[in-house]
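Each chain, written out:
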Amino acid sequence: EKVQVIKTVEEYAIVFHNVGFYFYSDNKMLLSSQPTQDKFGRLKDIIKKEISTHLIYFENKDSMIYCYGYIAPVEYSQINKSIQMFYVNNRPVTCRILNQALYDAYRDILPTGRHPVAIVFIDIAPGAVDVNINYRNHKNFQSWKNLVLNSILIWVNYIGLIYYLKLLKVYL
């Protein structure tokens, strides 16, 4: 239960980067983060330093949806999904379709048993959001998935190219 509370505090700390966050449990400080200028500044407080220094910014925009965020090269993949966060209009969400888009983008380069690092923000114009959306309204979910997939795929392909070039250099 404490782990879930910490995760929730961290998720909101990332979005509300201009607010200081201090989290105590059993009289022990578990999170201390001063206000920052932007989300990346806050990510450096929340995520392990060896990963946050290698995060790569990406973005993609269409008429109704703006998708942006940070991904890490495949060599910083994790043994669990703890550094995968999705936000829609600054609210943390768990969405299987968005998660699948991330794994689809990494499909050809991610080692078995590893999980990509990604913090993805999706801003959707109010006119594009259907509050009555459900699993039957697959068209809207599919368009979100495609935008996220295309946004991430551009950068993952670039990261994959660098990864394979490094491997090639090792074998030469």
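Residues numbered from 1 in each chain as written. Predicted model: local features only at pLDDT ≥ 70, side-chain atom pairs only at ≥ 80, totals over all residues. Heavy atoms only, no water.

Draft legend 1. Geometry of the overall build of the chain. Scanning the chain from N- to C-terminus turns up five helices and seven strands. Starting at the N terminus and ending at the C terminus, the chain contains elements arranged as α-β-β-α-α-β-β-β-β-α-β-α. Taking all 172 residues of the chain together, 42% fall into the buried category. Here the contacts in the chain between residues at least 6 apart in sequence split such that 61% fall between residues at least 24 apart. Roughly 10400 Å² of accessible area belongs to the chain as shown, and the carbon and sulfur atoms make up 55% of that amount. (Helix = DSSP H or I, 4+ residues; strand = E, 2+ residues; numbered from the N terminus. Buried < 20%, exposed > 50% of the residue type's maximum accessible area, 1.4 Å probe, protein only. Contact = heavy atoms within 4.5 Å. Areas by Shrake-Rupley, 256 points an atom, 1.4 Å probe, with all protein chains shown as cover.)

Draft legend 2. Fine view of the packing of aromatic side chains. Using the criterion set out here, one finds six aromatic pairs in the structure. Look at Tyr12 and Phe16: their rings are 6.3 Å apart centre to centre, the planes differ by 10°, and that puts the pair in the stacked class. Residue classification places Tyr12 among the partly exposed residues on the basis of a relative accessible area of 34%. Judged by centre distance (4.9 Å) and plane angle (15°), the rings of Tyr87 and Phe121 are stacked. In this pair, Tyr87 sits in strand E5 (residues 84-88) while Phe121 sits in strand E7 (residues 118-124), placing the two residues 34 residues apart along the sequence. Each member of the pair, Tyr87 as well as Phe121, carries the same accessibility label: buried. An aromatic cluster of three or more residues is present, and its members are Tyr66, Tyr68, Tyr87 and Phe121. Here the basic side chain of Lys39 rests over the ring of Phe121, its NZ or CZ set 4.2 Å away from the ring centre. (Phe/Tyr/Trp six-rings, centres within 6.5 Å; stacked < 30°, edge-to-face > 60°. Lys NZ or Arg CZ within 6 Å of the ring centre and 35° of its normal.)

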